[in-house]
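What the coordinates show
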Amino acid sequence: QDPGTAPTCTYTLDPAGGIAYGSGQQTGRTFNVTTAAGCQWTAVADQNWITITGGANGTGNGTVTFDLAPNPNAAFRTGSITVAGVKFTFDQLGGAPVCNYALNPANANLAAAA
């Protein structure tokens, strides 16, 4: 390769995504970025509950480290981190309890008078 020629930059994320994390706070989660030496990249989160704590940018191979805030909602939520146009997409499970209700006593006999 001619020293004046820029490398051909393709990017691979490992794991590729599709992961489901628990509803509680998640810290120190990672994925790897693989690319040619000299290829620059930046990692950008698409949700405010995702914090990139390491590897926000790099050149060549690297690792992105991130935290997730707890999910207080009943439903899961989806987020992603994009590195050089490649998305690492994942779900975070919901954390709100499912509420069940019961009446005690389950029934009652009432007189007709007010």
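A brief structural summary. Throughout this description, residue numbers start from 1 for each chain and increase along the sequence as written. In keeping with the model being predicted, local features are shown solely for residues with a pLDDT of at least 70 and side-chain atom pairs are shown and tallied solely at 80 or more, while totals for entire chains, interfaces and linings include all residues. Note: side-chain values were computed over all heavy atoms of the structure, leaving out hydrogens and water.

So, the overall build of the chain
The criterion, for reference: Comment: elements are numbered from the N terminus, with helices defined as DSSP H or I runs of at least four residues and strands as E runs of at least two. Between the two quantities, the radius of gyration covers C-alpha atoms and the globule rule is 2.2 Å times the number of residues to the power 0.38. In this analysis, two residues are considered to be in contact whenever any of their non-hydrogen atoms come within 4.5 Å of each other. Here the Shrake-Rupley method, with its probe set to 1.4 Å, supplies the accessible areas, and only the displayed protein chains count as covering residues.
Assigned secondary structure in the chain consists of zero helices and nine strands. In sequence order, the chain lays out its α and β elements as β-β-β-β-β-β-β-β-β. Taken over C-alpha atoms, the radius of gyration comes to 24 Å for the chain, far larger than the 13 Å a tight globule of 114 residues would show. With respect to the principal axes defined by its C-alpha atoms, the chain has extents near 100 × 20 × 20 Å. Relative to all contacts within the chain whose residues are 6 or more apart in sequence, the contacts with residues 24 or more apart total 54%. In the form shown here, the chain has an accessible surface area of approximately 7300 Å², with 51% of it arising from carbon and sulfur atoms.

Re the sheet that holds strand β2 (residues 17-21)
Rule in force here: DSSP-based pairing: two strands are paired if at least 2 bridges between them are found. The axes used here are C-alpha line fits, helices contributing only the stretch in contact, and every angle between their N-to-C directions lies in the interval 0 to 180 degrees.
Overall, mixed pairing links the five strands, which are arranged β2-β9-β8-β4-β6 in an open sheet. Taken across any chain shown, the strands that pair with only one partner, and hence form the sheet edges, are β2 and β6 (57-59). Direction aside, neighbouring strands of the sheet carry axes that sit 20° apart on average. Direction of pairing for strand β4 (residues 40-45) relative to strand β8 (residues 77-83): antiparallel, over a ladder of three bridges. Within the sheet, the bridge partner assigned to Ala43 lies in β8 and is Val83.

Considerations on the environment of Val64
Residue placement: Val64 occurs in strand β7 (residues 62-68). With residues near it in sequence (within four places) discarded, Val64 still touches Arg29, Thr30, Phe31, Val33, Trp41, Ala43, Ile52, Gly54, Gly55 and Val83.

Observations concerning the side chain of Ser80
The cut-off we apply is this: Each residue gets one of three labels from its accessible area relative to the maximum for its type: buried under 20%, exposed over 50%, partly exposed in between, using a 1.4 Å probe on protein chains only.
Along the chain, Ser80 turns up in strand β8. A relative accessible area of 2% places Ser80 in the buried class. Beyond its immediate chain neighbours, meaning those up to four positions away, Ser80 contacts Val44, Ala45, Asp46, Ile50, Lys87, Phe88, Thr89 and Phe90.

Concerning unusual backbone geometry
Residue Pro15 follows Asp14 across a cis peptide bond; omega there is 0°. Following the sequence through the fold, Pro15 ends up in the loop between β1 (12-14) and β2. Of note, Ala84 is a non-glycine position whose phi angle comes to about 50°, a positive value. Relative to the helices and strands, Ala84 is located in the loop between β8 and β9 (86-92). Exposure remark for Ala84: the relative accessible area of 38% places this residue in the partly exposed category.

On their own, these measurements won't tell you what the molecule is for.
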